[in-house]
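# Structural overview
Here's the letter readout for the chains.
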Amino acid sequence: GVMGILKLYHLDPESFESSGFVDILYDMLRDPDASVVCNCIIVLNEVMQNSPNGGMAINRAIMLHLLNRIVEFNEFAKVQVLELVPRYIPANEE
(Lines give C-alpha, C1' and ligand atoms only; values in the text may rest on other atoms or scores of the structure.)
Protein backbone atom coordinates (compact mmCIF):
# COMPACT_ATOMS: atom_id res chain seq x y z
CA GLY A 1 0.00 0.00 0.00
CA VAL A 2 2.75 2.46 0.89
CA MET A 3 4.47 2.06 -2.46
CA GLY A 4 1.12 2.81 -4.12
CA ILE A 5 1.27 6.24 -2.50
CA LEU A 6 4.62 6.79 -4.21
CA LYS A 7 3.08 5.82 -7.54
CA LEU A 8 0.28 8.35 -6.96
CA TYR A 9 2.91 11.00 -6.19
CA HIS A 10 4.53 10.40 -9.58
CA LEU A 11 1.27 10.12 -11.53
CA ASP A 12 -0.70 12.95 -9.90
CA PRO A 13 1.33 15.17 -7.53
CA GLU A 14 -1.61 17.54 -6.97
CA SER A 15 -3.87 14.74 -5.69
CA PHE A 16 -1.01 13.50 -3.55
CA GLU A 17 -0.59 16.94 -1.95
CA SER A 18 -4.29 17.54 -1.42
CA SER A 19 -4.84 14.13 0.18
CA GLY A 20 -2.42 14.72 3.07
CA PHE A 21 -0.39 11.59 2.40
CA VAL A 22 2.78 13.03 3.94
CA ASP A 23 1.09 13.19 7.36
CA ILE A 24 -0.33 9.70 6.87
CA LEU A 25 3.14 8.38 6.03
CA TYR A 26 4.62 9.97 9.15
CA ASP A 27 1.86 8.35 11.23
CA MET A 28 2.64 5.01 9.60
CA LEU A 29 6.24 5.17 10.87
CA ARG A 30 4.74 3.69 14.06
CA ASP A 31 3.29 0.67 12.25
CA PRO A 32 4.10 -2.63 13.99
CA ASP A 33 5.30 -4.14 10.68
CA ALA A 34 8.96 -3.24 10.11
CA SER A 35 8.67 -3.51 6.32
CA VAL A 36 5.86 -0.92 6.32
CA VAL A 37 8.08 1.42 8.33
CA CYS A 38 10.95 0.92 5.88
CA ASN A 39 8.70 1.63 2.90
CA CYS A 40 7.42 4.79 4.61
CA ILE A 41 11.01 6.02 5.01
CA ILE A 42 11.73 5.34 1.34
CA VAL A 43 8.57 7.10 0.15
CA LEU A 44 8.98 10.09 2.48
CA ASN A 45 12.58 10.55 1.38
CA GLU A 46 11.57 10.49 -2.27
CA VAL A 47 8.54 12.78 -2.07
CA MET A 48 10.40 15.24 0.16
CA GLN A 49 13.73 15.18 -1.69
CA ASN A 50 13.34 18.83 -2.72
CA SER A 51 12.64 20.00 0.83
CA PRO A 52 15.30 21.93 2.79
CA ASN A 53 16.15 18.67 4.61
CA GLY A 54 16.83 16.85 1.34
CA GLY A 55 14.36 14.16 2.39
CA MET A 56 12.03 13.39 5.23
CA ALA A 57 12.12 15.69 8.24
CA ILE A 58 13.51 13.99 11.32
CA ASN A 59 12.91 15.01 14.91
CA ARG A 60 14.10 13.46 18.17
CA ALA A 61 10.98 11.34 18.64
CA ILE A 62 11.19 9.84 15.15
CA MET A 63 14.93 9.18 15.43
CA LEU A 64 14.63 7.50 18.85
CA HIS A 65 11.63 5.44 17.74
CA LEU A 66 13.44 4.14 14.66
CA LEU A 67 16.70 3.43 16.49
CA ASN A 68 14.86 1.60 19.29
CA ARG A 69 13.26 -0.68 16.69
CA ILE A 70 16.37 -1.25 14.57
CA VAL A 71 16.71 -4.89 15.65
CA GLU A 72 13.34 -5.60 14.00
CA PHE A 73 14.47 -4.41 10.57
CA ASN A 74 16.13 -6.42 7.82
CA GLU A 75 19.53 -5.30 6.49
CA PHE A 76 18.07 -3.01 3.82
CA ALA A 77 15.75 -1.31 6.32
CA LYS A 78 18.61 -0.88 8.80
CA VAL A 79 20.57 0.98 6.13
CA GLN A 80 17.54 3.22 5.47
CA VAL A 81 17.32 4.09 9.18
CA LEU A 82 21.06 4.57 9.65
CA GLU A 83 21.22 6.91 6.64
CA LEU A 84 18.83 9.20 8.53
CA VAL A 85 21.15 9.53 11.55
CA PRO A 86 23.64 12.05 10.08
CA ARG A 87 20.74 14.21 8.86
CA TYR A 88 19.24 14.49 12.36
CA ILE A 89 20.12 17.81 13.95
CA PRO A 90 19.24 18.02 17.66
CA ALA A 91 17.26 21.07 18.75
CA ASN A 92 19.52 21.44 21.81
CA GLU A 93 22.46 19.69 23.47
CA GLU A 94 20.31 17.23 25.42
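Residues numbered from 1 in each chain as written. Predicted model: local features only at pLDDT ≥ 70, side-chain atom pairs only at ≥ 80, totals over all residues. Heavy atoms only, no water.

## Describing the overall build of the chain
Along the backbone of the chain there are 6 helices and 0 strands. Put simply, the chain runs from its N terminus to its C terminus through helices and strands in the order α-α-α-α-α-α. Looking at the chain as a whole, 38% of its 94 residues qualify as buried. Look at the contacts in the chain between residues 6 or more apart in sequence, and 56% of them connect residues 24 or more apart. Accessible surface computed for the chain: about 5900 Å², of which carbon and sulfur atoms make up 54%. (Helix = DSSP H or I, 4+ residues; strand = E, 2+ residues; numbered from the N terminus. Buried < 20%, exposed > 50% of the residue type's maximum accessible area, 1.4 Å probe, protein only. Contact = heavy atoms within 4.5 Å. Areas by Shrake-Rupley, 256 points an atom, 1.4 Å probe, with all protein chains shown as cover.)

## A short note on helix α6 (residues 75-84)
Residues of α6 that are buried include every one of Ala77, Gln80, Val81 and Leu84, and no others. The buried residues of α6 occupy an angular sector of 95° when projected down its axis, which confines them to one face. Relative to its buried face, α6 has exposed residues pointing more than 90 degrees away, namely Glu75 and Phe76. Where α6 starts, the residue carrying a side-chain oxygen 3.1 Å from the main-chain nitrogen of Phe76 turns out to be Asn74. (Arc of directions from axis to C-beta. Polar contact = N/O pair within 3.5 Å; in protein donor to acceptor, adjacent residues only side chain to side chain.)

## Digging into helix α1 (residues 2-11)
Given 3.6 residues per helical turn, the α-helix brings residues three or four places apart onto the same face. Within the span of α1, buried status applies to Val2, Ile5, Leu6 and Tyr9. Mapping the buried residues of α1 onto a view down its axis gives an arc of 100°, with all of them on the same face. Away from the buried face of α1 by more than 90 degrees, exposed residues Lys7 and Leu11 are located. Residues of α1 that are buried in the fold lie against α2 (13-18), α3 (21-27) and α4 (34-47).

## Describing the packing of aromatic side chains
Scanning the entire structure with this criterion turns up 2 aromatic pairs. Seen from their ring centres, Tyr9 and Phe16 are 5.1 Å apart, and the 75° between their planes marks the pair as edge-to-face. Using a relative accessible area of 16% as the deciding quantity, one classes Tyr9 as buried. The rings of Tyr9, Phe16 and Phe21 are connected pair by pair, giving a single aromatic cluster. (Phe/Tyr/Trp six-rings, centres within 6.5 Å; stacked < 30°, edge-to-face > 60°.)

## Details of the side chain of Arg69
The topology assignment puts Arg69 in the loop between α5 (60-68) and α6. The exposure class of Arg69 is buried, given its relative accessible area of 8%. Once residues within four sequence positions are removed from consideration, Arg69 is found in contact with Leu29, Arg30, Asp31, Pro32, Asp33, Ala34 and Val37.

Interpretation in functional terms is not warranted from these geometric data alone.
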